[in-house]
Amino acid sequence: MKNRLPVLFVAFCTVLFLGKLSTYSNGAEEHHGGHEAHHGGVLNVIGEEVGHVEVRIEGDTLVAWFVGGGHDTNRAVPIKDKEIALKVSVPGKGEMTLILNASPMKLAGEKVGHCSRFVAKADWLREVKEFQARGEVVFKGILHELLIKYPKGHDPMHGQGSH
Amino acid sequence: MSFWRIVLKSLKHHHFSNGLAAISIAMGVALLVAVYSLKEQSHNTFTQVGLGVDAVLGPKGSPLQIVLNAVYHLEDMPGKIKWTYYREVEKEPIVAQAIPFVVGHSYGGFRVNAIDGRFLTEFEYLPGKTFSFSEKLGGQGRPFIAPDEAVAGWAVARRLNLKLGDTFSPVCGVKEGGPIHEKDILRFVGILAPTGTPHDRAIYIPLETFYGLSGHPRETVIMAHLEEYREISGAYIKIKRIRGGALHPGIQDLKFEINQSDRNQLVVPAEVMPRLHNIIGWVDRVLITIAIMLTVLSALFLFFSLLSALREMRRDLALFRALGATRKTIMGLVISEALIISLLGGLVGLALGHCLIGVGAHFIKVESGVDFSAGYLSMIDWLLVPAAILLGILAGLVPGIQAYRLGVLKNLSTVS
């Protein structure tokens, strides 16, 4: 037993050290999982995740940003459309039309016709808790169907949630 | 013969092995002291979050480099931004204050920052605190007004022994030996009261002075007069607050928007510095682990060396017992020997560790501009004596117990 004590002590310290290391590694992996919505909105995949549209509601205003696909959600992707018409289904309220108008980010050098941010205003947005919107957009030169699900987001490859 | 004289005689008798044990303990302790001191000093330097700067508007490049240059007066800025772009950002509704600056000069090893005068009169480096020239607080003079005036941070004035009225010519660049703007003589009209922040470590001159320094090309000189061509290194941005003093949430949108531009970016120091701490934190932990392992190995060496010495001294110790020494006294002799070796190694290691910092600090200052002090007392300095005593007791415990159990008759019997 006396001879085994030093060995047990070293083994204990090694287990403790490796345990701490693996805790850190696990933490690091969790940090890199999921796509980040950089404006605090919800992400909705475009096409086969060639891009996303991030949507956020502030009072009576809906702001949408077209951003990159995959983990590239920190990169704006300007599109040529000046406005985008959405057919919005709100539970209990039927279908409505919402027009997103280009709102260029001037500090990013954008202008109408080369713009990644779109804004729409409507009184009913103040009280909406959930909706689904459909439209079409030419994104990266290809016509795509747009499907926006609020507040869960739309990401069929990684599950409903956007985070 | 007194107890301590016997201990000292025993130490002398095994001076080689005891000396080696003390040296190995000293080396482990020196490494531990040096690493811990550098860790604490760099933590103190780099963890003052924000320092009044909510964001830095700068050129595209490494965000860490921009924060280190703009906030900590280290590194170089990776480029320039246009004055007209800065003015657009200044007009943003959530921007409370935007202070432009230009870097790229130095004097006496300290950075010379050309900056808007509002920095010295309106900028809050900590919540509710603006820079002061009050003599009661350790400052002197006033902010600069004329183009040939300058203000020194408190640490700069102390290191270079500056007084009001002293003059200097800025050096182009931040490394020693750069060309001097000899024709430009600037006069110190103010010394800032100490703030305990990196702002103490810089010299400040008027923004427009930078463009007119002799030797600058005409393209730089006209920037003073024509805004459309003017360039700056960056700007300190303060964001408006909402209820509870929290940053306006629009900062994320503003950051996203600016970061999409080709030439510019908005960097938030509070987001960048934790990443640096994570990297450095792991380097610290590895070095401290190595130092602790070295010290523990040294203690093991001491332990085996005492065991070996005990085998040689069995007859002597048995003789002491026969002459009236108690078991406790014999045990005490062994443990005291271990204590003295451990304490000696610890104290030598402490001195060596601070010398290491002193030597290393010089090279770190030359290469990176970060100042470390050899005289800084970290947590390890205060714990060292108790730790050395504990280490000595632990190393001497088993040999001491063996000495306690020593059989008198058995060890005094004639060896045939």
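Residues numbered from 1 in each chain as written. Chains lettered and ligands numbered in written order. Predicted model: local features only at pLDDT ≥ 70, side-chain atom pairs only at ≥ 80, totals over all residues. Heavy atoms only, no water.

(A) Examining the overall build of chain B more closely. When helices and strands are tallied, chain B shows 13 helices and 15 strands. Along the first, second and third principal axes, the C-alpha atoms of chain B reach 105 × 45 × 40 Å. Here chain B holds 416 residues, and the buried ones make up 48% of them. Sequence-distant contacts in chain B: of pairs separated by 6 or more residues, those separated by 24 or more amount to 75%. (Helix = DSSP H or I, 4+ residues; strand = E, 2+ residues; numbered from the N terminus. Buried < 20%, exposed > 50% of the residue type's maximum accessible area, 1.4 Å probe, protein only. Contact = heavy atoms within 4.5 Å.)

(B) Geometry of the overall build of chain A. Helix and strand content of chain A: 1 helix and 8 strands. In chain A, the succession of helices and strands from N to C terminus is α-β-β-β-β-β-β-β-β. Counting every position in chain A, which comprises 163 residues, the buried fraction comes to 41%. Across chain A, contacts joining residues at least 24 apart in sequence account for 49% of those joining residues at least 6 apart. Total accessible area on chain A stands at roughly 9,700 Å², and carbon and sulfur atoms take up 56% of it. (Areas by Shrake-Rupley, 256 points an atom, 1.4 Å probe, with all protein chains shown as cover.)

(C) Structural detail: the confidence of the model for chain A. Per-chain confidence: chain A averages 84 in pLDDT, with 75% of residues scoring 70 or above. Counting interchain partners and residues more than four positions distant, the pLDDT-below-50 stretch residues 17-33 of chain A has 3 contacts. (pLDDT = per-residue confidence, 0-100.)

(D) Main features of the nonpolar core. All names here are of chain B. By size, the foremost hydrophobic cluster in this structure holds 39 residues, and its most contacted members are Leu57, Tyr86, Val89, Phe168, Ile237, Leu254 and Ile258. Here this core gets 4 residues from one element, more than from any other, and that element is helix α4 (residues 83-90). What Phe168 contacts, discounting residues up to four positions off in sequence, is Tyr107, Val112, Ala150, Asp184, Ile185, Leu186, Phe188, Ile203 and Ile205. Leu68, Ile115, Tyr204 and Tyr236 belong to the second largest nonpolar core, which has 32 residues in total. (Core = buried A, V, L, I, M, F, W, Y, C linked by side-chain atoms within 4.5 Å.)

(E) Examining the interface of chain A and chain B more closely. Taken residue by residue, the interface counts 16 residues in chain A and 13 residues in chain B. Across the interface of chain A and chain B, roughly 1,300 Å² is buried in total on both sides, 63% from carbon and sulfur atoms. Where Arg117(A) meets Glu257(B), a salt bridge forms, and the shortest distance between an N and an O atom there is 3.9 Å. One can count 6 residue pairs in polar contact (both at pLDDT 80 or more) joining chain A with chain B. Those elements giving two or more residues to the side of chain A that touches chain B turn out to be α1 (4-32) and β3 (61-68) of chain A. A class-by-class count of the residues in the side of chain A that touches chain B yields 8 nonpolar, 4 polar and 4 charged. (Buried area = accessible area lost by both parts, 1.4 Å probe. Salt bridge = Lys/Arg side-chain N within 4 Å of Asp/Glu carboxyl O. Polar contact = N/O pair within 3.5 Å; in protein donor to acceptor, adjacent residues only side chain to side chain. Nonpolar A, V, L, I, M, F, W, Y, C, P; charged D, E, K, R; others polar.)

(F) Fine view of the environment of Gly40(A). All names here are of chain A. With respect to the helices and strands, the residue Gly40 is situated in the loop between α1 and β1 (42-46). Residues Gly40 and Arg56, 16 residues apart in the sequence, show an inter-C-alpha distance of 7.1 Å. Look past the residues within four positions of Gly40 in its chain and what remains in contact with it is Glu54 and Arg56.

(G) Up close: the pattern of salt bridges. Residues and elements named next belong to chain B. Tallying each qualifying case throughout the model produces 16 salt bridges over all chains. For Arg142, the salt bridge identified is with Glu149, shortest N-O distance 2.8 Å. Its relative accessible area of 31% is what places Arg142 among the partly exposed residues. Glu149 sits in the buried class, given a relative accessible area of 4%. Here Glu231 makes a salt bridge to Arg263, at a shortest N to O gap of 3.7 Å. Here Arg263 lies in the loop between α9 (250-259) and β15 (264-267) and Glu231 lies in strand β13 (residues 231-232), a separation of 32 residues in the sequence. When salt bridges with common partners are traced through the structure, they connect Arg87, Glu90, Asp116 and Arg118 into a single cluster.

(H) The packing of aromatic side chains, seen in detail. All names here are of chain B. Under the definition given, this model contains 18 aromatic pairs over all chains. Taking 4.9 Å as the distance between ring centres and 50° as the angle between the ring planes, the aromatic pair formed by Phe119 and Phe131 counts as tilted. In this pair, Phe119 is assigned in helix α5 (residues 118-121) and Phe131 in the loop between β6 (129-130) and β7 (140-141), connecting sequence segments 12 residues apart. Looking at Phe119, the relative accessible area reads 0%, which means it is buried. Look at Phe131 and you get buried, because its relative accessible area is 7%. Through successive ring pairs, a cluster of aromatic residues spans Phe101, Phe119, Phe123, Tyr125, Phe131, Tyr204 and Tyr236. (Phe/Tyr/Trp six-rings, centres within 6.5 Å; stacked < 30°, edge-to-face > 60°.)

(I) How the structure looks around the pairing of strand β14 (residues 234-239) of chain B. All names here are of chain B. For β14, a buried count of 6 out of 6 residues is recorded, marking the element as mostly surrounded by other parts of the structure. A two-sided burial pattern is seen for β14, the buried positions comprising Gly234, Tyr236 and Lys238 on one face and Ala235, Ile237 and Ile239 on the other. Relative to β14, strand β1 (residues 55-59) runs antiparallel, the two sharing 3 bridges. Bridging across to β14, Val56 finds its partner in Tyr236. (Pairing = 2+ DSSP bridges.)

(J) Geometry of the domain arrangement of chain B. Entries for chain B in the domain assignment read domain 1 (3-46 + 280-412) and domain 2 (55-266). The C-alpha-based centres of domain 1 of chain B and domain 2 of chain B are spaced at 49 Å. (Domains from an automatic or database assignment.)

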